[in-house]
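Chain and residue survey
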Amino acid sequence: MALKKNDLITVNIDGMTAEGSGVAHYEGMAVFVPNAAPNDCLSVKIIKLSKNYAVGKIQQIITPGDGRIMPDCPSYPKCGGCTFRHLDYAEECRIKLQRVNDAMKRIGGIDIEAEEFIAAENPDRYRNKAQFPFGNEQNRAVFGFYAERSHRIVPFTDCRLQPEIFNAIAQATANFINDTPNDIYDETTGKGRFRHLYIRRGFATGEIMVCAVVNANGLAKEDEFIKRIRAVSPEIKSIIINTNRERTNVIMGAKCRTAWGKDTISDILCGVKFEISPLSFYQVNREQAEKLYNCGREYAGLTGKEVLFDIYCGTGTIGLSMAASARALYGIEIIPDAVENARRNAAANCIENAEFICADAADGARQLKERGISPDVVVIDPPRKGCSAEVIELIDEMSPKRVVYISCDPATLARDIARFAEYGWKAQRLTAVDMFPRTANVECVVLLTKVQK
């Protein structure tokens, strides 16, 4: 009998998708079930049906899988911030490791498995950045996170992914809005003032930046806002007003003004001090980022004699963490603000063997090649979509001894390793790092070397 929408069926979860949904099979059809756990036996209602698959919603957990636990957050899974809060952490790590190894085999056709999975010592309270949308609820300001695949705000009192002080800052902001003429931005009309609250923290220094994103040049009664935010904690060192007047889903606008304190806050990563501005990239999980970068440094095998290229370098965090072990560092990044931050970070740490080029990855590599500069080691940390075929070809033409590929998506990593293999490169080592516990994301570090023919 053919499966139909609204059918109620019993299934056993025998796999997991990259997005963290459970996978079952019913009469030969794949059924994807959000918030499922491996080896669950479930009563599921079919809510979506296509020619090749179905999507089900859990109606009853008949027999829970061994890794299933009671979620410790009342907003889960409504807010969409976590994927695996219904699993114990050991089971989450097992799923992520399997995802990495499966991607290598099935997508890349590569005979390699991760030699290590670096789990987080602290799977909660690790985020050093938060972005809270604000909305209206019965004419009162509320904050929270958007429900998955929507712009409906799910309010909460405590997000376990971030420091408790972030929640206190957000509540102080909501109280300020309710007590002043600052209205909430309405996406449908483009009117209203307050859009988002953006908070960053340096975990090593304790410094906190609070940034109000507004559909204006500032806040009404801005001095009162500063007073209330400063009263939350002496760790707050910077209060920024960011102007975003665009009818867009992009959170931050291009214009920032320091309302009080410093223009930036600082943090220390792998022994290097970094200045963090409102718009600059910085790894969200400092503790795991250090492990990721240390693994990358080990794979790079630097002895002090090598020329190191850091492609997609951002604000220079990876390259600068390795600069002391290299003869010269060249970073390539397309975002001008990030390049300027990288240069300032190098100067602040008295790193004199680093140069940063503002260009896309392929053009920057060409510029260095035209100057007669060749790398001994190349580090790449591309966006989720991975490397372009042009960049891979250029890296091969530069003939480095080693390529260290840091990736936030095992699928595009596996695809790109297969592309490198077409030029004679082989993945020699692979480590997986859990950068974002309780979410479906997982990072990888791969060492590639040219196979001698």
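Attention in this report is confined to the structure presented alongside it. Values in this document were obtained by computation on a predicted structure and should not be read as measured data.

Moving on, we get to the pairing of strand S3 (residues 22-26). Judged from the 2 bridges that link them, strand S2 (residues 15-16) and S3 form a sheet pairing that is antiparallel. Paired with Met-16 across the bridge in S3 is Gly-22. Where S2 hands over to S3, the hairpin turn is made up of 5 residues, of which Gly-20 adopts a positive phi near 100 degrees. Bridge analysis of S3 against strand S4 (residues 29-33) gives 5 bridges, and the strand direction is antiparallel. Within S4, the position partnered with Ala-24 by the bridge is Val-31. Count of turn residues in the S3/S4 antiparallel hairpin: 2 residues, of which Glu-27 carries a positive phi of about 50 degrees.

With respect to topology, 8 strands assemble into an open sheet ordered S7-S22-S23-S21-S20-S17-S18-S19, the strand pairing being mixed. Whereas interior strands pair on both sides, the edge strands pair on one side only; in this sheet they are strand S7 (116-118) and strand S19 (354-358). Sheet twist, expressed as the mean angle between neighbouring strand axes with direction ignored, is 20 degrees. Here strand S18 (residues 328-333) runs beside S19; their pairing, made up of 5 bridges, is parallel. Residue pairing in the sheet places Ile-332 in a bridge with Ile-357 of S19.

So, about the pattern of salt bridges. If the charged atoms of two oppositely charged side chains come close together, the side chains can form a pair. Evaluated as defined, the whole model comprises 30 salt bridges. Put simply, Arg-429 and Glu-115 hold a salt bridge, and the shortest N to O gap is 2.7 Å. Remark: Glu-115 occurs in the loop between helix H1 (89-106) and S7 and Arg-429 occurs in strand S22 (residues 425-433); sequence separation between them is 314 residues. Under the relative-accessibility criterion, Arg-429 is labelled partly exposed at 26%. With a closest N to O distance of 3.0 Å, Asp-179 and Arg-228 form a salt bridge. Remark: Arg-228 occurs in helix H3 (residues 222-232) and Asp-179 occurs in helix H2 (residues 164-179); sequence separation between them is 49 residues. Look at the salt bridges and you will find they share partners, linking Asp-72, Arg-85, Asp-124 and Arg-160 into a network.

Parameters and conventions
- Residues numbered from 1 in each chain as written.
- Predicted model: local features only at pLDDT ≥ 70, side-chain atom pairs only at ≥ 80, totals over all residues.
- Heavy atoms only, no water.
- Pairing = 2+ DSSP bridges.
- Helix = DSSP H or I, 4+ residues; strand = E, 2+ residues; numbered from the N terminus.
- Axes fitted to C-alpha atoms, helices over the stretch in contact; angles between N-to-C directions.
- Salt bridge = Lys/Arg side-chain N within 4 Å of Asp/Glu carboxyl O.
- Buried < 20%, exposed > 50% of the residue type's maximum accessible area, 1.4 Å probe, protein only.

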